[in-house]
Amino acid sequence: GQQVMQIPQYQHVQEGEDFTTYCNSSTTLSNIQWYKQRPGGHPVFLIQLVKSGEVKKQKRLTFQFGEAKKNSSLHITATQTTDVGTYFCAVNAGNNRKLIWGLGTSLAVNP
Amino acid sequence: NAGVTQTPKFRVLKTGQSMTLLCAQDMNHEYMYWYRQDPGMGLRLIHYSVGEGTTAKGEVPDGYNVSRLKKQNFLLGLESAAPSQTSVYFCASSYGVSDQPQHFGDGTRLSIL
């Protein structure tokens, strides 16, 4: 079945450093969603990318969708302790009924 | 606006006991989902529903049953709890799948002894 690979699994940074997580698929995607889950919390929707090569920004977060629509990235500039959590990507399973989730990237930030 | 509400928030069961987890949403969403989350395993789909009266199996359905008798409610049942079902259970809902975000409840932390 369709799978989506998310790397790295863990990332530990000093506050102020940048952070990037990647999501890769072997098949062309219709769109991709990104979610954030704080420790002890639930996943919260961040953004959806639809167009080839699309770039969207939310303050210090930059989201990109690859030209071939097979990969995506989430980049955080100058991390803060509030960025701590697990970031998930999720893609349409192809039948328009459910999402396929990456395993997530857990970000730890040292103050 | 409550969004997605899950009850209970915590529960401890003994092996073999049964229980029902309740999910309620007030956003008039058609799609509802039950996930379990275990360390290092991400979110795994147990069952889902694309509308009132319909349910379908997800990735890990064994040992669970669901019902969607009303559009706003999605129930997850554990028929005979096993220690392997110790997990955090999340319910989510959405208007659609491919282009709509999923809204999650706060989760139910379930321990099976």
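Our structure's up above, just so we're on the same page.
Along every chain, residues carry numbers that run from 1 in the direction the sequence is written. For naming, the first written chain is A and the first written ligand is 1, with later ones following in the order written. Residue-level local features of this predicted model are given only where pLDDT is at least 70; pairs of side-chain atoms are given and counted only at 80 or more, and the full residue set underlies all totals for whole chains, interfaces and linings. Only hydrogens and water are set aside when side-chain values are computed; all heavy atoms of the structure are taken into account.

Undergrad: Outline the nonpolar core, supporting the account with residue identities and numerical values.
TA: Soluble, globular proteins show a tendency: their nonpolar side chains are buried together. Nonpolar cores were defined as sets of buried Ala, Val, Leu, Ile, Met, Phe, Trp, Tyr and Cys residues, with membership established by side-chain atoms within 4.5 Å. Residue exposure (1.4 Å probe, protein chains only): buried if accessible area is under 20% of the type maximum, exposed if over 50%, otherwise partly exposed. Core analysis: the largest hydrophobic core is formed by 20 residues, its most contacted members being Ile-32, Trp-34, Leu-46, Phe-63 and Leu-74 of chain A. Elements represented by at least two residues in this core include exactly strand E3 (19-25), strand E4 (32-37), strand E5 (43-49), strand E7 (61-65), strand E8 (71-76), strand E9 (85-92) and strand E11 (105-110) of chain A. Note on contacts: a residue pair qualifies if any of its non-hydrogen atoms lie within 4.5 Å across the two residues. Non-local contacts of Leu-74 of chain A, meaning those with residues more than four positions away in its chain, are made with Phe-19, Thr-20, Thr-21, Trp-34, Leu-46, Leu-61, Thr-62, Phe-63 and Tyr-87 of chain A. Of all hydrophobic cores here, the second largest spans 19 residues; its members include Cys-23, Met-32, Trp-34 and Leu-76 of chain B. Helix and strand definitions here come from DSSP, where helices need a minimum of 4 consecutive H or I residues and strands a minimum of 2 consecutive E residues; each element is numbered from the N-terminal end.

Undergrad: Which residues make up the state of the cysteines, and what values do they have?
TA: What counts as a disulfide here is a pair of cysteine sulfur atoms lying within 2.5 Å. In this structure the tally under the stated criterion is two disulfides over all chains. A sulfur-sulfur distance of 1.9 Å marks the disulfide that ties Cys-23 of chain A to Cys-89 of chain A. The sign of the 65 degrees torsion about the S-S bond sets the Cys-23 of chain A-Cys-89 of chain A disulfide as right-handed. One end of the pair, Cys-23 of chain A, is in strand E3; the other, Cys-89 of chain A, is in strand E9, and 66 residues separate them in sequence. Here the two residues Cys-23 of chain A and Cys-89 of chain A agree in accessibility, since each one is buried. Disulfide pairing is shown between Cys-23 of chain B and Cys-91 of chain B; the S-S distance is 1.9 Å. An S-S torsion of about -75 degrees defines the bridge between Cys-23 of chain B and Cys-91 of chain B as left-handed.

Undergrad: Describe the interface of chain A and chain B, naming the residues involved and giving the relevant values.
TA: On the side of chain B, 23 residues touch chain A, which itself brings 20 residues to the contact. Considering only the surface of chain A that becomes buried against chain B, His-42, Arg-97 and Trp-101 of chain A emerge as the three largest contributors, covering 30% of it. The term salt bridge refers to a pairing of a side-chain nitrogen on Lys or Arg with a carboxyl oxygen on Asp or Glu at a separation within 4 Å. Summed over the shared surface of chain A and chain B, the number is zero salt bridges. Nitrogen and oxygen atoms within 3.5 Å of one another constitute a polar contact, given that in protein one can donate a hydrogen and the other can accept it, and given that sequence-neighbouring residues count only through two side-chain atoms. Counting every contact that joins chain A to chain B gives six residue pairs in polar contact (both at pLDDT 80 or more). Listing elements by their share of the side of chain A that touches chain B, those giving two or more residues are E4, E5, E9 and strand E10 (99-101) of chain A. Among the residues making up the side of chain A that touches chain B, the classes are represented as seven nonpolar, 11 polar and two charged. Values labelled buried area give the accessible surface lost by two parts on being combined, using a 1.4 Å probe and summing over both. Note on residue classes: Ala, Val, Leu, Ile, Met, Phe, Trp, Tyr, Cys and Pro are nonpolar, Asp, Glu, Lys and Arg are charged, and everything else, Gly too, is polar.

Undergrad: Account for unusual backbone geometry, with residues named and values stated.
TA: Here the amide bond leading from Ile-7 of chain A into Pro-8 of chain A is cis, since omega sits at -5 degrees, within 30 degrees of zero. Cis geometry is adopted by the peptide bond preceding Pro-8 of chain B, which originates at Thr-7 of chain B and carries an omega value of -5 degrees. As for its position among the elements, Pro-8 of chain B is in the loop between strand E1 (4-7) and strand E2 (10-13). Unusually for a residue other than glycine, Lys-59 of chain A sits at a positive phi of about 55 degrees. Of note, Lys-59 of chain A is situated in the loop between strand E6 (55-58) and E7. If you check the backbone angles, Ala-78 of chain A has positive phi at about 50 degrees while not being a glycine. Tracing the sequence through the fold places Ala-78 of chain A in the loop between E8 and E9.

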